[in-house]
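Below, each chain spelled out in residue letters.
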Amino acid sequence: MPTPDYDPQNIFAKILRGEMPCHKIFEDDVALAFMDIFPRADGHALVIPKTPARGFLDMPPDALGPYMARVQKVAAAVKSGMNADGLTIQQFNESAGGQVVFHLHFHILPRREGVALRPPGAGDKASIEAHAEKIRRAIEAL
Ligand code: 5GP
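Residues numbered from 1 in each chain as written. Predicted model: local features only at pLDDT ≥ 70, side-chain atom pairs only at ≥ 80, totals over all residues. Heavy atoms only, no water.

Draft legend 1. Quick look at the packing of helix α2 (residues 61-81) against helix α3 (residues 128-141). Running from N to C, α2 and α3 cross one another at 120°; their axes reach a closest spacing of 8 Å. Looking at the two axes, α2 sits oblique to α3. Remark: the crossing between α2 and α3 carries right-handed chirality. Contacts between α2 and α3 involve Lys73, Ala77, Val78, Ser80 and Gly81 on the former and, on the latter, Lys134, Ile135, Ala138 and Ile139. (Axes fitted to C-alpha atoms, helices over the stretch in contact; angles between N-to-C directions. Helix = DSSP H or I, 4+ residues; strand = E, 2+ residues; numbered from the N terminus. Parallel < 35°, antiparallel > 145°, perpendicular 65-115°, else oblique. Left-handed = near helix turned anticlockwise from the far one by under 90°. Contact = heavy atoms within 4.5 Å.)

Draft legend 2. Inspection of unusual backbone geometry at higher detail. Look at Asn83: it is not a glycine, yet its phi comes out positive at around 50°. Considering the arrangement of structural elements, one finds Asn83 in the loop between α2 and β4 (86-90). Owing to a relative accessible area of 56%, Asn83 belongs among the exposed residues under this scheme. (Buried < 20%, exposed > 50% of the residue type's maximum accessible area, 1.4 Å probe, protein only.)

Draft legend 3. Examining the site of the ligand more closely. The full set close to the ligand counts 16 residues, and Asp36, Gly98, Val100, His105 and His107 are the nearest of them. In the environment of the ligand, an oxygen atom lies 2.5 Å from a nitrogen or oxygen atom belonging to the side chain of Asp36. A distance of 3.4 Å separates a nitrogen atom of the ligand from a polar atom in the backbone of Ile37. Most atoms of the ligand, that is more than half of them, are within 2 Å of grid points of the largest pocket. (Near = heavy atom within 4 Å. Polar contact = N/O pair within 3.5 Å; in protein donor to acceptor, adjacent residues only side chain to side chain. 1 Å grid on protein atoms, 1.4 Å probe; cavity = no way out; pocket = protein on both sides within 12 Å on 5 of 7 lines; lining within 4 Å. Sits in = over half its atoms within 2 Å of the grid points.)

Draft legend 4. Fine view of the layout of surface pockets. Of the voids in this model, the largest pocket is the one considered here, and its volume is about 580 Å³. Along the wall of the largest pocket there are 25 residues; nearest its centre are Phe12, Asp36, Ile37, Phe38 and Val101. If one sorts the elements of the lining of the largest pocket by residue count, helix α1 (residues 11-16) sits on top with three residues. The residue makeup of the lining of the largest pocket, split by class, is 15 nonpolar, eight polar and two charged. Quantified by volume, the second largest pocket comes out at close to 180 Å³. (Points joined across faces, edges and corners; volume = space filled by probe spheres on them. Nonpolar A, V, L, I, M, F, W, Y, C, P; charged D, E, K, R; others polar.)

Draft legend 5. Inspection of the packing of aromatic side chains at higher detail. Enumeration over the complete set of coordinates arrives at three aromatic pairs. Between Phe12 and Phe34 the ring centres are 5.3 Å apart and the planes differ by 80°, which places this aromatic pair in the edge-to-face class. With Phe12 in helix α1 and Phe34 in strand β2 (residues 31-35), the pair connects residues that are 22 residues apart, well separated along the chain. Each member of the pair Phe12 and Phe34 is classed as buried. An angle of 70° between the planes, with centres 6.3 Å apart, marks the rings of Phe56 and Phe106 as edge-to-face. Of the two residues, Phe56 sits in the loop between β3 (45-49) and α2 while Phe106 sits in strand β5 (residues 106-111), which places them 50 residues apart along the sequence. The partly exposed category is assigned to Phe56, whose relative accessible area is 32%. (Phe/Tyr/Trp six-rings, centres within 6.5 Å; stacked < 30°, edge-to-face > 60°.)

Laid out in C-alpha cells, this is it:
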C-alpha cells in the first residue's frame, strides 16, 4: 500500500514500473538501484525501495532494515567499483529538505580526495553507462 501523500506518477515510480528507462545497477525484491541522470560525482547512484514511500519518515519501520541493507550493499559496490577514496551518502525529505523526487531514495556519491561535488544538474551524461558497468561488476564481486 502506498504511504500517505505518495504520488504514483513520480518519476521513480515510473522507473520502478519500467515505464521510464534507467541505468540499472542492482535489483531484488526490496530495492532498485540505478545511476543518477545528473551525476554530481562520477558513479553517483540512487537506491530506492520497492515500497512506495514518499520519504524516510513514511517508510514502514519493518521495511526499513531490509532496504538499508541494500543501500549498504550498493554503497560498497559504488566505492570499490569506482575505486573511490570515500563516499557521501545523502537523503532529502520534502522541498524544504532538498527533496525533488518524492519517492524515498538514498544518494551514493563516490568521493576522491580534494574533488568537490558538481552542482545539481551539471553532470556528464555520456559516461554514466560506463560507470554503471563498473558498479555492476563490483556488485557481482561482493
Ligand atoms: P532529491 O529528490 O534527493 O533532491 O534528488 C533527486 C535526484 O534524482 C537528483 O539527483 C536528480 O538528478 C535525479 N533525477 C531526477 N530525475 C531523474 C530521472 O529521470 N532519472 C534518474 N536516473 N535520475 C533522476
